Amino acid sequence: MAKHAVEANFDGLVGPTHNYAGLSWGNVASKSNVSSVSNPKEAALQGLAKMKRLADRGYVQGILPPHERPHIPTLRALGFDGSDARVLEQVARSSPALLAAVSSASPMWTANAATVSPSADTSDHRVHFTPANLSAKFHRSIEHTVTGRSLKAIFADDSYFAHHPALPSVSHFGDEGAANHTRLCGEYGEPGVELFVYGQTAFNEQAPAPKKYPARQTLEASQAIARLHGLKDQRVVFAQQNPEAIDAGVFHNDVIAVGNGNALFYHEMAFLEEEQVLADIRERLVGAELEAVRVCSADVPLEDAIASYLFNSQLLKSPDGMLLAVPGECREVASVSRYLDNLVASGGPVTSVEVFDVKQSMRNGGGPACLRLRVALDDDELNAINRGVLLTDDLYERLTAWVAAHYRDELSQDELGDPMLLEEVRKALDELTGIMGLGSIYDFQL
Ligand code: SUG
C-alpha cells in the first residue's frame, strides 16, 4: 500500500538585491529589461502574496531563503581584497558586470535550486536532493553551495533525506534542476515516472542542438542525477527539448511544459520527439493514465507562449481536478487569454484558472513555476522537516513586516556597490535565519 503523501511547494523568498542586470543570454525577458530600476520590496511581497494565497487553499507551502548578495567571498576568490567596502569599491569601478553578477537575487527561482526525487521512486526509499550546478551562467553558478546548506537545514533527518553535492560545474554536466524535471504519477505516494528534459548531448557533437542560444541542461547531467538518486530505469524518461524552442527563447523546459499527477500540459514545440516522449511516459506510468494536454501553435504561437509564460504556470491538484495558477501576463496576450477562456470548458484535467501577479520576477524571466521547488513528502517525512519554513498566517505576518523593514523600493545598477546595501542585506538575513529557525547558513554567519 502506498503511503499518503502530498506535494509541498518551496518558494524562493526574493532577496533584497533583486535587480535587472540582463545577465541571461537566451532569456528574452532578462535581456529586454536590462538596467530598468527594480523594486525589491514589491518583488518580495508579490512572491509572499502568491505563497499566502496557495497556503490559504490548503497547499503545503514552504520557503527557501534568499542568498547573501553581493557575494563578497566570490569576489575575494577572484582577487579583490581589503575590507568589504574596499572590495565593493574596486569591483564597482573595474567591473560593474561582475558586481551585477555577484549581486543577483537569482536564487529566488527555486525551480532551479535542485532536482528532487521522492522516496517512492528511490532505491533507498529516502527523498533525494541534488542542488543544480547552474554552470551555464556565472551569476547562477555561485548558488549551489548555500542552496545545499539551506536544503540540509530544512530536510535534516538523514533517515528520511539524502543530499548529494552539485554535479561537476562544467558545461558537460550543466544542470538546471527541477526546471527540466517533471514527475508524473497517480497518487504522490506511489512510484512515479521522472521525466528529465535536456537541451543537448555533451559528448556527441553530431547530436541535434540549438544554434543561437545555449542549451543549459545536458543529457549526461540528467543521467547522472537519475543514477545518484537510485531511480529505476523503467521509471525514467529522458527527452530532448526541441532546439528550435531553445533558439526562440525557451531556456528551460518549464517555459514550455508543466506536469503534475497524471497531467502533462505542453506546447507542440516542446519536445524534439513528441510522440516517443508520450509513448515512453505511457509505458512507464503505473496506476494512472497519462492525460496529455497539447497546445498547438495555431492556437498559441510559440512567441506568445514565451511572452505570456503560459506554461510557467503552477499546475496543482485541487479537490475537483486541477488548478492552473497563471502569471498576469497571460491575460495581456490575446491568443493566450482566449486559450485560457476555453481551457476549463474543454473538459480536460484543468478545472480552474487563477491569475497571480509576479511581475517583478517575470521581468527577469521568472514566472509562478520558476519561483517554486516541488517536494513530494509522505506524512512522516513532512513531520520530519524543519517546520519553521512552512508558511502559516503568523509567519506570513512576520515576513511581510520583515520585508517592509529591510527592503528598498527602488534599486538600480549604480547602487549595487553601495556598502550600506551589503550591510542592510546581512542584517536582514541574520534576522531571517532566526525567524525561520535555519541556524547559520550564510558565509557571513560561519
Ligand atoms: O536563469 N533569470 C533567470 C530566470 C530563471 C527562471 N527559472 C525557470 N524557468 N525555472 C535565469 O535566466 C536574470 C537575472 C538578470 O538578468 O538580472 C535571471 O537570472
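Note that the structure is a prediction, hence the values are computed from the model and not measured.

Conventions adopted
- Residues numbered from 1 in each chain as written.
- Predicted model: local features only at pLDDT ≥ 70, side-chain atom pairs only at ≥ 80, totals over all residues.
- Heavy atoms only, no water.
- Salt bridge = Lys/Arg side-chain N within 4 Å of Asp/Glu carboxyl O.
- Near = heavy atom within 4 Å.
- Polar contact = N/O pair within 3.5 Å; in protein donor to acceptor, adjacent residues only side chain to side chain.
- Areas by Shrake-Rupley, 256 points an atom, 1.4 Å probe, with all protein chains shown as cover.
- Nonpolar A, V, L, I, M, F, W, Y, C, P; charged D, E, K, R; others polar.
- Pairing = 2+ DSSP bridges.
- Helix = DSSP H or I, 4+ residues; strand = E, 2+ residues; numbered from the N terminus.
- Axes fitted to C-alpha atoms, helices over the stretch in contact; angles between N-to-C directions.
- Contact = heavy atoms within 4.5 Å.

Focus on the pattern of salt bridges
Next up, step 1: In the structure shown here, the tally under the stated rule is 27 salt bridges.
Next up, step 2: Taken together, the shared-partner salt bridges in this structure form one network comprising Glu68, Arg76, Asp84 and Arg426.

Concerning the site of the ligand
Next up, step 1: Near the ligand you find 21 residues, and of these Leu23, Ser24, His139, Asp254 and Cys370 are the closest.
Next up, step 2: The contact in question runs from an oxygen atom of the ligand to an N or O atom on the side chain of Ser24, over 2.8 Å.
Next up, step 3: Separating an oxygen atom of the ligand from a side-chain N or O atom of Asn27 is a distance of 3.0 Å.
Next up, step 4: Calculation on the ligand without its partners gives an accessible area of 490 Å², and the protein chains cover 100% of this total.
Next up, step 5: A per-class count over the shell around the ligand returns 8 nonpolar, 10 polar and 3 charged.

Side note on the sheet that holds strand β7 (residues 193-198)
Next up, step 1: The strand order β6-β7-β8 describes an open sheet built from 3 strands, whose pairing is mixed. The open sheet has two edge strands with one neighbour each: β6 (181-184) and β8 (236-240). Here the average twist between neighbouring strands, direction ignored, is 20°.
Next up, step 2: Of the strand pairs in this sheet, β6 and β7 are connected by 4 bridges, and their pairing is antiparallel. Pairing of His181 across the sheet is with Phe196, part of β7.
Next up, step 3: Strand contacts of helix α10 (residues 274-284): β6, β7 and β8, with the helix running at about 175° to β8, the strand carrying the most contacts.

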